[in-house]
Amino acid sequence: MDAAAIHAALQARFGARITGADLAALSPFAVVEPLAMAEVAAFCKSDPALALDNLMCLSGVDYPKETPPRLEVVYHLYSYRHKHTFALKVQLPRENPSVPSVERVWGVANWDEREAWDLFGIAFTGHSDMRGILLP
């Protein structure tokens, strides 16, 4: 499945909760409304056509010079079954950034979310153990 087909599947299922995309990027991605992230993640993993069962990387990104300044969480996904990749992004305000945890979807998110919280202050609601791992 190519990036356009993955994006179309997300749009068909979630409509306006998919707020943007760049399918020509080196890592094609869709932008997800923050409150929908856990639901979109579960769909990406469980839908047989997508089967995005591996969270390769979850990263916090700071855009302090954007207008308005914002943070992002980027989720790089891979399907072992279909051998395709896709990324999801959530854009957050720099003040009190929060997004639902995807730890229950991909267990490896436990450490990645803790790191993003520790370094960027992004809260992952519903996380089982939101405490720092890097900074004293």
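Procedures and definitions
Residues numbered from 1 in each chain as written. Predicted model: local features only at pLDDT ≥ 70, side-chain atom pairs only at ≥ 80, totals over all residues. Heavy atoms only, no water. Phe/Tyr/Trp six-rings, centres within 6.5 Å; stacked < 30°, edge-to-face > 60°. Helix = DSSP H or I, 4+ residues; strand = E, 2+ residues; numbered from the N terminus. Buried < 20%, exposed > 50% of the residue type's maximum accessible area, 1.4 Å probe, protein only. Lys NZ or Arg CZ within 6 Å of the ring centre and 35° of its normal.

Visitor: An account of the packing of aromatic side chains is requested, with residue identities and associated values reported.
Guide: On inspection of all chains with the given rule, the structure shows two aromatic pairs. Their ring planes at 80° and their centres at 5.4 Å tell us that Phe 14 and Phe 43 sit as a pair that is edge-to-face. Within this pair, whereas Phe 14 is found in helix α1 (residues 3-14), its partner Phe 43 is found in helix α2 (residues 37-46), the two being separated by 29 residues in sequence. For the pair shown, Phe 14 and Phe 43 are each scored as buried. With a centroid separation of 5.3 Å and an interplanar angle of 90°, the aromatic rings of Tyr 78 and Tyr 80 are classed as edge-to-face. With a relative accessible area of 48%, Tyr 80 lands in the partly exposed category. The residue whose ring lies beneath Arg 70 is Tyr 63, and the NZ or CZ to ring-centre distance is 4.4 Å. One residue, Lys 89, lies across the ring of Phe 29, its end atom 3.9 Å from the ring centre.

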